[in-house]
Amino acid sequence: KAGVTQTPRYLIKTRGQQVTLSCSPISGHRSVSWYQQTPGQGLQFLFEYFSETQRNKGNFPGRFSGRQFSNSRSEMNVSTLELGDSALYLCASSTGQGANEQYFGPGTRLTVT
Amino acid sequence: EDQVTQSPEALRLQEGESSSLNCSYTVSGLRGLFWYRQDPGKGPEFLFTLYSAGEEKEKERLKATLTKKESFLHITAPKPEDSATYLCAVHTGANSKLTFGKGITLSVRP
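The residue count restarts for each chain, going from 1 along the sequence in the order it is written. Working convention: letters from A go to chains and numbers from 1 go to ligands, in the order in which they are written. Totals for whole chains, interfaces and linings use every residue, but because this is a predicted model, local features are given only for residues with pLDDT of at least 70 and side-chain atom pairs only at 80 or more, for both listing and counting. Hydrogens are left out, water is left out, and the side-chain values use all remaining heavy atoms of the structure.

Participant: Describe the overall build of chain A, naming the residues involved and giving the relevant values.
Facilitator: A count of helical and extended segments in chain A gives zero helices and eleven strands. Beginning at the N terminus, the succession of helices and strands in chain A can be written as β-β-β-β-β-β-β-β-β-β-β. For 113 residues, the compact-globule formula gives about 13 Å, and the C-alpha radius of gyration of chain A, at 13 Å, lands near that figure. Only protein chains enter the area calculation, which uses a 1.4 Å probe; residues under 20% of their type maximum are buried, those over 50% are exposed, and those in between are partly exposed. The proportion of buried residues among the 113 residues of chain A is 51%. Residue contacts follow a heavy-atom distance rule, with two residues in contact if any of their heavy atoms lie within 4.5 Å. Considering only contacts within chain A whose residues lie at least 6 apart along the sequence, 54% involve residues at least 24 apart. For the purpose of counting charges, residues Lys and Arg are taken to be positive, whereas Asp and Glu are taken to be negative. His and the chain ends are not included. Note that the charge is assigned to NZ on lysines, CZ on arginines, CG on aspartates and CD on glutamates. Looking at charge distribution, chain A has the averaged site of its 11 positive side-chain charges lying 4 Å from that of its 6 negative ones. We count a stretch as a helix when DSSP gives it H or I for four or more residues in a row; a strand needs E for two or more, and each element gets its number in order from the N terminus. We compute the radius of gyration over the C-alpha atoms and compare it with the globule rule, which gives 2.2 Å times the number of residues raised to the power 0.38.

This is the structure in structure tokens:
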């Protein structure tokens, strides 16, 4: 079974720009969660999508948004980029039922200059 | 609010020197506790899920245990390839949100 894939793997953007990241979950998984990982804060939950609906949201500003398509693929968008948005963005897929295991992709390394 | 604390922050072991990594948690209604391994530049790799106090799971040189307040990841006779950051996370809600600890960076010297 193919794992979780994320594109692009690396991205360099300038302050004020916007960016879209993509995540393809494991086949059959309907839940996609997004996390931001930084050296200071560790892994922090951004939001989760299940069957095209946002099911939960973390404490991030409205500049961070996402969506999920009917094939469970998900995108995350960050508008008006700030230097502090530089991080590793990880997506994780799961069945979305119960306390199920989440499987992570390799991440997208975003650098904002 | 759910809280997860991992200790120590970093651990250096000699090859073959067994030790334990600690994950303490304060949550309301634990549905599952997860251990992940993360290598530099990669996404976390799933290791174990523990659901209730007293539960234990093993995989090669790793053994995870769970009490009502903490979990331990025991590493027996570690090898240099066990060097990585080990993350602990809790699942408490009805959806898939995980709350992570800051991780423990393990270095095993040959």
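Participant: Pulling in residues and values, what's your account of the side chain of D85 of chain A?
Facilitator: Residue and element names in this part refer to chain A. Structurally, the position occupied by D85 is in the loop between β8 (74-78) and β9 (87-94). According to the relative accessible area criterion, D85 is buried, its value standing at 4%. If we ignore the near neighbours within four places in the chain, the residues touching D85 are Q36, R63, F64, V78, T80, L110 and V112.

Participant: Could you give an account of the sheet that holds strand β7 (residues 64-68) of chain A, naming the residues involved and the relevant values?
Facilitator: Residue and element names in this part refer to chain A. A pair of strands is treated as paired once DSSP finds two or more bridges between them. Ordered by their spatial adjacency, four strands build an open sheet running β1-β3-β8-β7, and the pairing between neighbours is antiparallel. Among the strands making up the open sheet, the edge pair consists of β1 (5-7) and β7. Recorded for the sheet is a direction-independent mean angle of 20° between the axes of neighbouring strands. Pairing between β1 and strand β3 (residues 19-24): three bridges, direction antiparallel. In this description, a line fitted to the C-alpha atoms serves as the axis of each element, helices being fitted only across the stretch in contact, and the angle between N-to-C directions of two axes falls anywhere from 0 to 180 degrees.

Participant: Explain the state of the cysteines to me, and be specific about the residues and the numbers.
Facilitator: Residue and element names in this part refer to chain A. Counting rule for disulfides: a pair of cysteine sulfur atoms within 2.5 Å. Under the definition given, this model contains two disulfides over all chains. Between C23 and C91 runs a disulfide, and the two sulfur atoms are separated by 1.9 Å. Judged by the sign of its S-S torsion, about 65°, the cystine formed by C23 and C91 is right-handed. Highlighted residues: C23 in strand β3 and C91 in strand β9, separated in sequence by 68 residues. Taking the relative accessible area as the measure of exposure, C23 reaches 0% and is therefore buried. C91 sits in the buried class, given a relative accessible area of 0%.

Participant: Can you explain the interface of chain B and chain A? Please cite residues and give values.
Facilitator: Accessible area lost during the coming together of the parts is what is often quoted as the interface size. Facing the 20 residues of chain B at the interface are 26 residues of chain A. Put simply, buried area is how much 1.4 Å-probe accessible surface two parts lose in total, over both of them, once they are put together. Approximately 1,800 Å² of surface area, both sides summed, lies buried where chain B meets chain A, with 53% of it carried by carbon and sulfur atoms. Broken down residue by residue, the surface that chain B buries against chain A is led by N95, S96 and F100 of chain B, which jointly contribute 27%. Between Lys or Arg on one side and Asp or Glu on the other, a salt bridge is scored when a side-chain nitrogen of the former is within 4 Å of a carboxyl oxygen of the latter. For the interface between chain B and chain A, the tally reads zero salt bridges.

Participant: Residues and numbers for the sheet that holds strand β3 (residues 19-26) of chain B, please.
Facilitator: All names here are of chain B. Taken together, five strands build an open sheet; the order of strands is β1-β3-β8-β7-β6 and the sheet is antiparallel. The sheet is open, and its two edges are formed by β1 (3-7) and β6 (56-59), each paired on a single side. With direction set aside, neighbouring strand axes in the sheet form an average angle of 15°. One ladder, built from four bridges, connects β6 with strand β7 (residues 62-66); its direction is antiparallel. Across the sheet, E56 pairs through a bridge with T65, a residue of β7.

Participant: Give a detailed account of unusual backbone geometry, specifying residues and quantitative values.
Facilitator: All names here are of chain A. In the segment running from T7 into P8, the intervening peptide bond is cis, with an omega of -10°. Here P8 lies in the loop between β1 and β2 (10-13). Not every positive phi belongs to a glycine, and E52 is a case in point at roughly 70°. Here E52 falls in the partly exposed class, since its relative accessible area comes to 46%. With a phi angle near 75°, S72 is a residue other than glycine that sits in the positive phi range. Relative to the elements of secondary structure, S72 occurs in the loop between β7 and β8.

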